[in-house]
Amino acid sequence: MSSRVSIVTVTYNSSRVLPDMLASTPTDTPVILVDNASNDRTALRELADRPKVTLIECPVNIGFGPACNRGAEGVETEFLLFLNPDTRLAPDALDQLIAAADAHPEAVAFNPRFEDDAGHPAFKRSCHLLPRRRWMPKGTPDRDRTLIVLSGAALMVRRSAFEAIGGFDPAIFLFFEDDDLSLRLSRLGSLRLVRAALVTHSGGAGSAPDPRIEAFKSWHFGWSRIYASRKHGRTGAYAKTLVRAIPRCLSPLALLSPGPRAERWGYLCGVTAAQFGRPHLGALR
């Protein structure tokens, strides 16, 4: 059944973690790697030099969602699986996801069960684009069920549904793109958890803090949060965010420490830029 799905993975300096992800994919499953102008392209090209793997090299970093869209272009399989490079599929994960899709034709998109490298469960139960009353209870569900939102770390979607909503929002460079996609997909059908499908998600690499990178990421987090909140009708998002963000920017830690200062002021600047209609920053230069 795994031949019914194509895997799309966005890479950015991911050659260290990518071998394990590729090794976990079935040999009959097409894998499209979309590279966002990495510095490790030589290693990436060597990793992509195998059957069923296609490498698309973007000349500049176009952002996560737009790169996913680029990878999905021209795909003809029934399903798309957007998969992070720092994940690993259990041997039967794709078959379990597809079996669940066949059993639930009313569902349009699916998440597997996530664990970290130590075997601890991870579950996305909340979404800032929805009121708290709609958030799911704490803890990990013990059975398959409908979800309010999906994690983009391993998100399988019917290709027809993905194309019907126009894919990921190209205006979002980074952060909240999976929340936005989930809410738009939920207008077409349900979102489901498939517990029998296991994906191990290692998470971000532990690199040394860099104030410039922290400011960049925080700017995009703030920008995307306000942009997506306004898009989905969340009133008062800007005012509520300012109430929390300004005191954090003025705290002694932010004033005296370069890392926290870059993170908190970057977030505030991104929030303000989104509120006043400024486009996203794009890639770090």
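The structure presented is a predicted model; accordingly, all values stated were derived computationally and were not measured.

**What to know about the state of the cysteines**
By the definition in use, this model includes zero disulfides. Free of any disulfide, Cys 68 has its nearest neighbouring cysteine sulfur in Cys 58, separated by 11 Å. By relative accessible area, Cys 68 is classed as buried at 1%. Take Cys 269: it sits in no disulfide, and the sulfur closest to it among the cysteines is that of Cys 249, at 7.7 Å.

**Observations concerning the nonpolar core**
One finds Leu 80, Phe 82, Ala 109, Val 157, Phe 162 and Leu 185 to be the most contacted residues of the largest nonpolar core, which totals 37 residues. Among all residues touching Ala 109, those that are not within four sequence positions of it are Leu 150, Leu 155, Met 156, Val 157, Leu 185, Ser 190, Leu 191 and Arg 192.

**As for the side chain of Thr 77**
Looking at where Thr 77 falls in the secondary structure, it is placed in the loop between helix H3 (64-72) and strand E4 (79-83). Within the local environment of Thr 77, its side chain forms a polar contact with the side chain of Ser 6, the two groups lying 2.8 Å apart. Apart from the residues within four sequence positions on either side, Thr 77 is in contact with Ser 3, Arg 4, Val 5, Ser 6 and Arg 159.

**Comments concerning the pairing of E4**
In terms of burial, E4 is largely enclosed, as five of its five residues are buried. Alternating positions in E4 separate into two faces, Phe 79, Leu 81 and Leu 83 on one and Leu 80 and Phe 82 on the other, with burial throughout. Examined bridge by bridge, E4 and strand E9 (residues 154-158) share five bridges and lie antiparallel to one another. Counterpart to Phe 82 in the pairing with E9 is Leu 155.

**Here we look at helix H6 (residues 177-185)**
Burial of H6 is extensive: nine of the nine residues sit out of reach of the surface. If you check which residues of H6 are buried, you get Glu 177, Asp 178, Asp 179, Asp 180, Leu 181, Ser 182, Leu 183, Arg 184 and Leu 185.

**Examining a nonpolar patch on the surface**
Nonpolar side chains collect at one region of the surface, where Ile 246, Leu 250 and Trp 265 lie side by side and expose about 280 Å² of accessible area between them. By the secondary structure assignment, Ile 246 is in helix H8 (residues 237-249). For Ile 246, a relative accessible area of 38% puts it in the partly exposed group.

**Thoughts on the pairing of strand E1 (residues 5-11)**
The buried count for E1 comes to seven of seven residues, which makes it a mostly enclosed element. Residues Val 5, Ile 7, Thr 9 and Thr 11 point to one face of E1 and Ser 6, Val 8 and Val 10 to the other, with burial holding for every one of them. Bridging between E1 and E4 involves four bridges; their strand directions are parallel. Note on E4: the bridge partner recorded for Val 5 is Phe 79. As paired strands, E1 and strand E2 (residues 31-36) are joined by five bridges and run parallel to one another. Each residue of the ladder has a partner; that of Thr 11, found in E2, is Asp 35.

Definitions and limits used
- Residues numbered from 1 in each chain as written.
- Predicted model: local features only at pLDDT ≥ 70, side-chain atom pairs only at ≥ 80, totals over all residues.
- Heavy atoms only, no water.
- Disulfide = S-S within 2.5 Å.
- Buried < 20%, exposed > 50% of the residue type's maximum accessible area, 1.4 Å probe, protein only.
- Core = buried A, V, L, I, M, F, W, Y, C linked by side-chain atoms within 4.5 Å.
- Contact = heavy atoms within 4.5 Å.
- Helix = DSSP H or I, 4+ residues; strand = E, 2+ residues; numbered from the N terminus.
- Polar contact = N/O pair within 3.5 Å; in protein donor to acceptor, adjacent residues only side chain to side chain.
- Pairing = 2+ DSSP bridges.
- Patch = residues over 30% accessible without salt bridge, like charges linked within 9 Å, V, L, I, M, F, W, Y side chains within 5 Å.
- Areas by Shrake-Rupley, 256 points an atom, 1.4 Å probe, with all protein chains shown as cover.
- Salt bridge = Lys/Arg side-chain N within 4 Å of Asp/Glu carboxyl O.

Keep in mind these numbers describe shape, not what the thing actually does.
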